[in-house]
Amino acid sequence: MKLFRSAEKFGYPVMATPYSQIVGVQAVENVVSGERYKKIPDETIKYALEYYGAPVVPIDSKCHGQDRNLPETKEFLDWKPEHF
């Protein structure tokens, strides 16, 4: 049941690459830190900012708001991928 609530708050990402890795790494960070979203990896921030496309349903505003308030997030607000 906890996984379902987490998926709901995270916008029900499809569990295929790269989303499964993003969700998995965030889950490990939550367990290791003992607190949800205490440490947020760059890829999770990019997912929340919709650099990988819009999620199926909107991300919970509490999660998304936390992301935007982080100093690391400000780096990615105007981020553009490098072109090869």
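Look up: the structure comes first, before these words.
K.L.:
Help me out: how do you make sense of the pattern of salt bridges in this one?
P.N.:
Side chains that differ in sign of charge can pair as their charged atoms come close. Per the counting criterion, the structure on display carries two salt bridges. Notably, a salt bridge pairs lysine 39 with glutamate 29, separated by 3.7 Å at the nearest N-O pair. Of this pair, lysine 39 sits in the loop between helix H2 (19-33) and helix H3 (42-48) while glutamate 29 sits in helix H2, placing them ten residues apart in sequence. Taking the shortest distance from any N to any O, the salt bridge between glutamate 43 and lysine 46 comes out at 3.3 Å. One end of the pair, glutamate 43, and the other, lysine 46, are both in helix H3, three residues apart, so they sit about a helical turn from each other. When its relative accessible area of 10% is taken as the criterion, lysine 46 is described as buried.

K.L.:
Please clarify how the packing of aromatic side chains should be interpreted in this entry.
P.N.:
Here the distance between the centres and the angle between the planes together describe a pair of aromatic rings. Inspection of the entire model under this criterion finds four aromatic pairs. The interplanar angle of 70° and the centroid separation of 5.9 Å between the aromatic rings of tyrosine 19 and tyrosine 47 together place this pair among those described as edge-to-face. Of the two residues, tyrosine 19 is situated in helix H2 and tyrosine 47 in helix H3; the sequence distance between them amounts to 28 residues. No difference in accessibility class separates tyrosine 19 from tyrosine 47, as the two residues are buried. Pairwise contacts between aromatic rings join Tyr19, Tyr47 and Tyr52 into one cluster. The ring of tryptophan 79 carries lysine 46 above its face, with NZ or CZ at 4.2 Å from the centroid.

K.L.:
Explanation requested: the nonpolar core in the structure shown.
P.N.:
Burial of nonpolar side chains together is a common tendency in soluble globular proteins. Phe10, Tyr19, Ile22, Tyr37, Ile40, Ile45, Tyr47, Ala48, Leu49, Ile59, Cys63 and Phe76 form the largest nonpolar core, which has twelve residues in total. Elements supplying a minimum of two residues to this core: H2 and H3. Among the elements that make up this core, the one with the highest residue count is H3 (three residues). The residues contacting tyrosine 19, other than those within four sequence positions of it, are Pro13, Val14, Tyr47 and Tyr52.

K.L.:
I keep staring at H2 and nothing clicks. Help me out?
P.N.:
Each α-helix winds once per 3.6 residues, and so residues spaced three or four apart point in a common direction. The end-to-end C-alpha distance of H2, which contains 15 residues, comes to 21 Å, matching closely the 21 Å that a straight helix rising 1.5 Å per residue would cover. Within the span of H2, buried status applies to Tyr19, Ile22, Gln26, Glu29 and Asn30. Along the axis of H2, the buried positions cluster into a sector of 100°, meaning they face one direction only. The exposed residues of H2 that point more than 90 degrees off its buried face are Val28, Val31 and Val32.

Each value, and the rule that gives it
Residues numbered from 1 in each chain as written. Predicted model: local features only at pLDDT ≥ 70, side-chain atom pairs only at ≥ 80, totals over all residues. Heavy atoms only, no water. Salt bridge = Lys/Arg side-chain N within 4 Å of Asp/Glu carboxyl O. Helix = DSSP H or I, 4+ residues; strand = E, 2+ residues; numbered from the N terminus. Buried < 20%, exposed > 50% of the residue type's maximum accessible area, 1.4 Å probe, protein only. Phe/Tyr/Trp six-rings, centres within 6.5 Å; stacked < 30°, edge-to-face > 60°. Lys NZ or Arg CZ within 6 Å of the ring centre and 35° of its normal. Core = buried A, V, L, I, M, F, W, Y, C linked by side-chain atoms within 4.5 Å. Contact = heavy atoms within 4.5 Å. Expected span 1.5 Å × (residues − 1). Arc of directions from axis to C-beta.

So, to be careful, I would describe these as geometric facts and stop short of saying anything about function.
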